[in-house]
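For reference, the chains in residue letters:
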Amino acid sequence: MRRRTGIRGMMVWAAVTAALLGGCGQSDGGDAVAVQSGSVVEDTAQGADSGEAAAEAKSVEEIYSEIEQSVELISPVPMGDAFITNYYGIEPEKLEEYVFAMSEEATSAEAVIILKVKETDDVEAMSKALQVVVDEKRSEMQDYLPEQFEIVDKSSVKSSGNYVYLVISEQADAILQIIEKAI
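Residues numbered from 1 in each chain as written. Predicted model: local features only at pLDDT ≥ 70, side-chain atom pairs only at ≥ 80, totals over all residues. Heavy atoms only, no water.

Caption draft 1: Spotlight on the environment of Ala82. With respect to the element layout, Ala82 can be found in helix α4 (residues 81–88). C-alpha separation for the pair Ala82 and Pro92, spaced ten residues apart in sequence, amounts to 8.7 Å. (Helix = DSSP H or I, 4+ residues; strand = E, 2+ residues; numbered from the N terminus.)

Caption draft 2: Summary view of the packing of helix α5 (residues 123–141) against helix α6 (residues 146–154). It is the contact of α5 with α6, at a shortest axis distance of 8 Å, that shows an interaxial angle of 160 degrees. With respect to each other, α5 and α6 are oriented roughly antiparallel. In this structure, α5 crosses over α6, and the sense of that crossing is left-handed. In this structure, α5 uses Val134, Lys137, Arg138 and Met141 to contact α6, whose residues at the interface are Pro146, Gln148, Phe149, Val152 and Asp153. Counted by class, the contact of α5 with α6 contains five nonpolar, one polar and three charged residues. (Axes fitted to C-alpha atoms, helices over the stretch in contact; angles between N-to-C directions. Parallel < 35°, antiparallel > 145°, perpendicular 65-115°, else oblique. Left-handed = near helix turned anticlockwise from the far one by under 90°. Contact = heavy atoms within 4.5 Å. Nonpolar A, V, L, I, M, F, W, Y, C, P; charged D, E, K, R; others polar.)

Caption draft 3: Structural detail: the pattern of salt bridges. Applying the stated criterion to the full structure yields seven salt bridges. When the shortest N-O distance is used, the salt bridge between Lys116 and Glu96 registers 2.8 Å. One end of the pair, Lys116, is in strand β3 (residues 111–117); the other, Glu96, is in strand β2 (residues 95–103), with 20 residues separating them in the sequence. Between Lys128 and Glu124 there is a salt bridge, with its nearest N and O atoms 3.4 Å apart. Of this pair, Lys128 and Glu124 are both found in helix α5, four residues apart, which corresponds to roughly one turn of the helix. Overall, Glu124 belongs to the exposed group, its relative accessible area being 53%. Within this structure, Glu91, Lys94 and Asp122 form a network of salt bridges that share partners. (Salt bridge = Lys/Arg side-chain N within 4 Å of Asp/Glu carboxyl O. Buried < 20%, exposed > 50% of the residue type's maximum accessible area, 1.4 Å probe, protein only.)

Caption draft 4: Geometry of unusual backbone geometry. Phi angles above zero are rare outside glycine, and Ser75 is one such case at about 45 degrees. A relative accessible area of 25% places Ser75 in the partly exposed class.

Caption draft 5: Quick look at the environment of Asp135. Counting through the fold element by element, Asp135 comes out in helix α5. Asp135 sits 18 residues away from Asp153 along the chain, and the two C-alpha atoms are 9.0 Å apart.

Caption draft 6: Structural detail: the sheet that holds strand β1 (residues 76–78). Judged by pairing direction, the sheet is antiparallel, and its five strands sit side by side in the order β1-β2-β3-β5-β4 without closing on themselves. Among the strands making up the open sheet, the edge pair consists of β1 and β4 (157–160). Going across the sheet, the axis of each strand differs from the next one's by a mean of 15 degrees, ignoring polarity. Here β1 runs beside β2; their pairing, made up of three bridges, is antiparallel. Paired with Pro78 across the strands is Ala101, a residue of β2. (Pairing = 2+ DSSP bridges.)

Caption draft 7: A look at the pairing of β3. Burial runs high along β3: seven of the seven residues are buried. Residues of β3 alternate between two faces, with Ala111, Ile113, Leu115 and Val117 on one and Val112, Ile114 and Lys116 on the opposite face, all of them buried. The pairing of β2 with β3 spans seven bridges and is classified as antiparallel. Following the sheet pairing, Tyr98 is matched in β3 by Leu115. For β3 and strand β5 (residues 163–168), the ladder comprises six bridges, and the chain directions are antiparallel. Bridge pairing links Leu115 to Val164 in β5.

Written out as structure tokens, the structure reads:
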């Protein structure tokens, strides 16, 4: 299922490659790993059981590991502090833990992002930052890959308590189910 890519496609591919390589050279005391521990809570009708769910919540790393084992992700690459700061304005010092994984394939919009913020006051800012991810993916894929555009268009940023997350994937329902079950 190879497609010919025009100048626009090559530009998108070059931009994605540059973005991915931009985070490779960072070194700030071992914080280069984007998968850190924490948990995610989705804003649903199950909120009444949130105290019980929080006690059983898994770390972000455990949730992401379960996702990787259960769902075939398309070339996921964990992004580090420099990447999320430079491209999305997310300040890692405001996060308790996170996973920010995006497909390295230029033909895939797939992303699994789970953030646990330290202060509830920062949830709105993190939600807006993840909305930028959605908006950028939409504009990248709209004319280039309509199938991927549809996947991005169906995605949305979710938050509850100190957690903010975004799943862009053909298998978003399965991934979201894993997240919901883990919290």
